[in-house]
Amino acid sequence: MPDQNASVRPFIRGGKPAEDRWVVVRDEEAALPDSPAIVPLARWQALEGSRELAPWLASDTELTPELAEKLAGAPLIAIDFPKFTDGRGYSLARLLRERYGYEGEIRAIGDVLVDQVFFLTRCGFDALSLREDQWLEDALQALNAFSRAYQPAVDVAEPLFRQRMRETVEHGEPALA
């Protein structure tokens, strides 16, 4: 069955509000809509290349090199968060970006909350389909909640202490020990 809440879900792509033309189909047996559809991985693999389809990965998907190679041609990859407390989707996105070099859209779907958006983008998500009760304006503000991050991630590979050391040296100040 298509995701009935897709039209009321706040949607962000590339850090900005956007319209979502993709319909999430969660049921393996449901009829596909006329519009582009995001379908379960197994269904996408069975129908690959037959129409405008993209896969969604369950949070427990084992991302093997063989699967990553097949996913490389997908127009986008959605990663499902069945509960906001399930953090395995962060790892999937990071693996797709860093280990397997996926450059297409990675989209968070499911139980996605405003509190997660900053961290999702740090892990490689560039599109966020928020839960329907979340406020778009709050999510956009949350994207910029922190001016700098200590840890390296997909968005900034260098940890903060190295950035500070480099900036200090570039400005002719003694380097921090």
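Our subject is the structure listed above.
First, a word on scope: everything that follows refers to the structure included in this document. As the structure is a computational prediction, the values presented were derived from the model and not from experiment.

### Thoughts on the packing of aromatic side chains
The geometry of an aromatic ring pair is captured by two quantities: the separation of the ring centres and the angle between the planes.
Part 1 of the argument: Evaluated as defined, the whole model comprises 3 aromatic pairs.
Part 2 of the argument: Plain terms: the ring middles of Phe81 and Phe125 are 5.8 Å apart, the flat faces sit at 50° to each other, and that makes the pair tilted. Note that Phe81 is positioned in strand 6 (residues 76–81) and Phe125 in the loop between helix 4 (117–122) and strand 8 (127–129), a separation of 44 residues in sequence. For the pair Phe81 and Phe125, a shared accessibility class is recorded, and that class is buried.
Part 3 of the argument: Taken together, a centroid distance of 5.3 Å and an interplanar angle of 85° make the contact between Phe118 and Phe119 edge-to-face.
Part 4 of the argument: For Phe118, a relative accessible area of 10% translates into the label buried.
Part 5 of the argument: Taking relative accessible area as the criterion, Phe119 reaches 42% and is therefore assigned partly exposed.
Part 6 of the argument: Aromatic rings pair up to connect Phe81, Tyr90 and Phe125 into one cluster.
Part 7 of the argument: The residue whose ring lies beneath Arg26 is Trp56, and the NZ or CZ to ring-centre distance is 5.1 Å.

### A look at helix 3 (residues 88–99)
Part 1 of the argument: Across its 12 residues, helix 3 extends 16 Å between first and last C-alpha, which sits within 8% of the 16 Å expected from 1.5 Å per residue.
Part 2 of the argument: Of all the positions in helix 3, only Gly89, Tyr90, Leu92, Ala93, Leu96 and Arg97 are classed as buried. Across the axial projection of helix 3, the buried residues extend over an arc of 165°, all falling on one side.
Part 3 of the argument: Where the residues of helix 3 are buried, they touch strand 5 (53–57), helix 2 (65–71), strand 6, strand 7 (105–110) and helix 4.
Part 4 of the argument: Remark: Gly101 follows helix 3 within two positions and exhibits a positive phi of approximately 65°.

### Some words on the nonpolar core
Part 1 of the argument: Counting residues in each nonpolar core, the largest one holds 36 residues, and the members touching the most others are Leu71, Ile79, Leu96 and Phe125.
Part 2 of the argument: Per-element tally for this core: the top contributor is helix 3, with 4 residues.
Part 3 of the argument: Look past the residues within four positions of Ile79 in its chain and what remains in contact with it is Leu57, Gly89, Leu92, Ala93, Leu96, Ile106, Arg107, Ala108, Ile109 and Phe125.
Part 4 of the argument: Counting residues in each nonpolar core, the second largest holds 8 residues, with Ala54, Trp56, Leu76 and Ile109 among its members.

### A few points about the side chain of Arg107
Part 1 of the argument: Along the chain, Arg107 falls in strand 7.
Part 2 of the argument: Here Asp20 takes part through its side chain, which lies 2.8 Å from a polar atom of the side chain of Arg107.
Part 3 of the argument: Engagement of the side chain of Arg107 in a polar contact is seen with the side chain of Glu105, the distance being 2.8 Å.
Part 4 of the argument: Beyond its immediate stretch of four places on either side in the chain, Arg107 contacts Phe11, Arg13, Asp20, Trp22, Ile38, Leu76, Ile77, Ala78, Ile79, Phe125 and Ala127.

What counts, and at which threshold
- Residue numbering note: each chain is counted from 1, following its sequence as written.
- Predicted model: local features are reported for residues with pLDDT of at least 70 only, side-chain atom pairs are reported and counted for 80 or more only, and whole-chain, interface and lining totals are derived from all residues.
- Computation of side-chain values: all heavy atoms of the structure, hydrogens and water removed.
- Paired rings are identified among Phe, Tyr and Trp, the last through its six-membered ring, by centres lying within 6.5 Å, and are further divided according to the angle between planes into stacked (under 30 degrees), edge-to-face (over 60) and tilted (the rest).
- Only DSSP runs of H or I reaching four residues or more are called helices, and only runs of E reaching two or more are called strands; each is numbered from the N terminus.
- Three exposure classes are used, based on accessible area relative to the maximum for each residue type with a 1.4 Å probe and protein chains only: buried under 20%, partly exposed in between, and exposed over 50%.
- Here, a charge over a ring is recorded when the distance from Lys NZ or Arg CZ to the ring centre is within 6 Å and its angle to the ring normal is within 35 degrees.
- A helix is expected to span 1.5 Å for every residue after the first.
- The arc refers to the directions leading from the helix axis to the C-beta atoms.
- Whether two residues are in contact is decided by their heavy atoms: any pair within 4.5 Å suffices.
- For the purposes of this section, nonpolar cores are sets of buried Ala, Val, Leu, Ile, Met, Phe, Trp, Tyr and Cys residues that join through side-chain atoms within 4.5 Å.
- Under this definition, polar contacts are N or O atom pairs within 3.5 Å; protein pairs additionally need one hydrogen-donor-capable and one acceptor-capable atom, and for neighbouring residues in sequence, both atoms have to be side-chain atoms.

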